[in-house]
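Residue-level structure breakdown
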Amino acid sequence: MNPTTDRRKMARKPLLPRPLLYAIELALFGFIAYNSLYIRKLSDIKAAGTAAAGAFQAPQYARSFWTSKLLPAAPGMATDLGTLLISLKTDKDKAFAAHSHAMGIGNIRYFLIKGEGTVTATSDNDVTVTLPTGEPIHLATEFVFGNAARDASGLINITEFDNTTDLNNVSAELNDIIRKQVIPGLKASAKPGTKLSFIGALELNQAHLHTNDLTVIPIRTAL
Amino acid sequence: MNSLLHLLQLTFRKVVPPPGALGLFCCIVLFSACHSASDSVNTPKKMAVIVSTLNNPWFVVLAESAAAEAKLLGYETKIFDSQNNTALEADHVENAIVSGFNAILLNPTDSDGSIVNVMKAKEAGLPVFCMDREVNASGAATAQILSDNYSGCVAIGEDFVKGLNKKGTYVEILGLVGDNNTWNRSKGFHSVVDRYPGLKMVAQQSADFDRNKAMDVLESMLQAHPDINAVFCGNDAMAMGAYQALVAAGKASDVGVYGFDGADDVMNSIRDRKIKATGMQSPQVMAQTAARYADAYIKGKRDFAQRVPVAVELVTQKNIADYLTLTRP
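Fair warning: this is a prediction, and the values are worked out from it, not measured in the lab. (Residues numbered from 1 in each chain as written. Chains lettered and ligands numbered in written order. Predicted model: local features only at pLDDT ≥ 70, side-chain atom pairs only at ≥ 80, totals over all residues. Heavy atoms only, no water.)

**Notes on the confidence of the model for chain B**
- For chain B, the average pLDDT comes to 87, and 86% of its residues sit at 70 or higher.
- Among the scores for the predicted complex, ipTM is 0.76 and pTM is 0.77. (pLDDT = per-residue confidence, 0-100.)

**Concerning the environment of Leu-222 of chain B**
All names here are of chain B.
- Tracing the backbone through its elements, the reader meets Leu-222 in helix H8 (residues 211-224).
- Residue Leu-222 is classed as buried on the basis of its relative accessible area of 8%.
- Considered as a pair, Leu-222 and Leu-246 are 24 residues apart in the sequence and their alpha carbons are 8.6 Å apart.
- Other than its neighbours up to four places away in sequence, Leu-222 contacts Ile-228, Ala-245, Leu-246, Ala-249 and Lys-251. (Helix = DSSP H or I, 4+ residues; strand = E, 2+ residues; numbered from the N terminus. Buried < 20%, exposed > 50% of the residue type's maximum accessible area, 1.4 Å probe, protein only. Contact = heavy atoms within 4.5 Å.)

**Observations concerning the pairing of strand S5 (residues 136-140) of chain A**
Residue and element names in this part refer to chain A.
- Judged by how many residues are buried, S5 sits mostly within the fold: 4 of 5 residues are covered.
- The sheet contact formed by strand S4 (residues 126-130) and S5 spans 5 bridges and is antiparallel. Bridge pairing in S5 places Asp-126 opposite Ala-140.
- What sits between S4 and S5 in their antiparallel hairpin is a turn of 5 residues, with Gly-134 showing a positive phi close to 95°.
- As paired strands, S5 and strand S7 (residues 215-222) are joined by 2 bridges and run parallel to one another. Note that in S7 the partner of His-138 across the bridge is Thr-215. (Pairing = 2+ DSSP bridges.)

**Observations regarding the interface of chain B and chain A**
- Listed as interface residues are 29 residues of chain B and, on the opposing side, 27 residues of chain A.
- Carbon and sulfur atoms supply 58% of the area that chain B and chain A bury against each other, a total of about 2,200 Å² over both sides.
- Taken together, the connections running from chain B to chain A amount to 2 salt bridges.
- A salt bridge links Asp-213 of chain A to Lys-318 of chain B; its shortest N-O distance comes to 3.8 Å. (Buried area = accessible area lost by both parts, 1.4 Å probe. Salt bridge = Lys/Arg side-chain N within 4 Å of Asp/Glu carboxyl O.)

**As for the sheet that holds strand S1 (residues 46-51) of chain B**
All names here are of chain B.
- Read across the open sheet, the 6 strands follow the order S2-S1-S3-S4-S5-S11; overall the sheet is parallel. A strand with exactly one partner marks an edge of an open sheet, and here the two such strands are strand S2 (76-81) and strand S11 (307-310). Between one strand and the next, the sheet's axes are offset by a mean angle of 20°, whatever the strand orientation.
- Sheet topology note: the strand S5 (residues 143-147)/S11 ladder contains 4 bridges and is parallel. Residue Ser-147 lies in a different strand from S11, and its bridge partner there is Val-310. (Axes fitted to C-alpha atoms, helices over the stretch in contact; angles between N-to-C directions.)

What follows is the structure in structure tokens.
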């Protein structure tokens, strides 16, 4: 027998039986393929992205602002509406400079005000309260929109936000809190003739000021 | 070792000039330093005003207001017209960089396409203050001074709901679908109107902020929906086009038209009770604020809000008298 031929035959002989080798290769291929491809729902990824650390959560921010900042500070910070109306008639610009806030630039400014009076009318859209000075104002019960609740206190700093969508969402969430927590009680209790005290947010245009038909977004009311 | 020392001595003699020449050199350096310092004090600083287009009067007002305010603050200014072309805008930005401008007041051509141009200026150490239109990137521009389109349309939405007494059918004519302002306006409007199930939007279509296109769009909408009660348009040009279509269809008195911008022809139409309401923007305020912010930046201020909203005022048939005294005939 030729020893060289024997060595070649031995060299060609696989270390493992062929079926076992194929099975291992198949398992290895399956393992790599399985770990190379991930399929997840797009909606899950979007939701995870929104909830990721650092992503702004307007509902939480608004709830925290409402509970921890606005409600505790409002009674002390709010300007008496009767006094404000007199100041606006006496020196409009001084009154705006002293009492108004706005996160944006322009003529639209917001006041955090308080007052008391007698309910003289109710409608689908508002509760009319007549102040001790005889001036009627409206507490909104239907059209609770805009930035008054967000801006009136001046407690939110615009530099906290790097996009306007977050700002807008905070306004929407605060208005939603008012719709759910303030309006139902106000509508239920406000009957003509009842005495009412209120804290609210008031929007006024500094360049085109009208104080004869004021609508206030209510923040807190009490009989 | 000795030869090495000799070589060093020779080299030293070659490099070091005699004492007289050294004194002259110091004088020249000192003089040129003083000269360049006095140059930087005496030479006026410069602001570049780069606007998307000067074919639209709105942007002409924006550019001229920004330049005028910058001049008032003591700056040289130059207005560049990007002709709605981001490549041309890139050329203007490069020009501003190499020409030694100190700040750019930019009305971006494209919310996404202009980001690279803003970044180029930023990398060159040039602050950019965006006016009216935003770029979709935080931290690229130093600040962006923008119309509060969303809140303006919240106010319009509220007036719309009150005007229709919370029920009816309406159509919406959108602006350019790729423009952020289009969607901010639409979202603000719908954030109010969609809360009222009695109000049904039966059609929504883009007319690219164009008056003639809006007329065509509403004409075809009216064929499918002849009984609508109102039209909400993303700008005043489209509101005027929509009104023309309603006049042609004999429905001008039956359908309320709402616009956005505060353009003269719409303000006059509100006065004449042809159009219901608009949201009045203020290009002057945006431009002046951008120039003042740039001035503050040059003087050392660094803490700017990324986006600064400029209030949009609701103008209706009820308060139009407040605004007609400004410019209208």
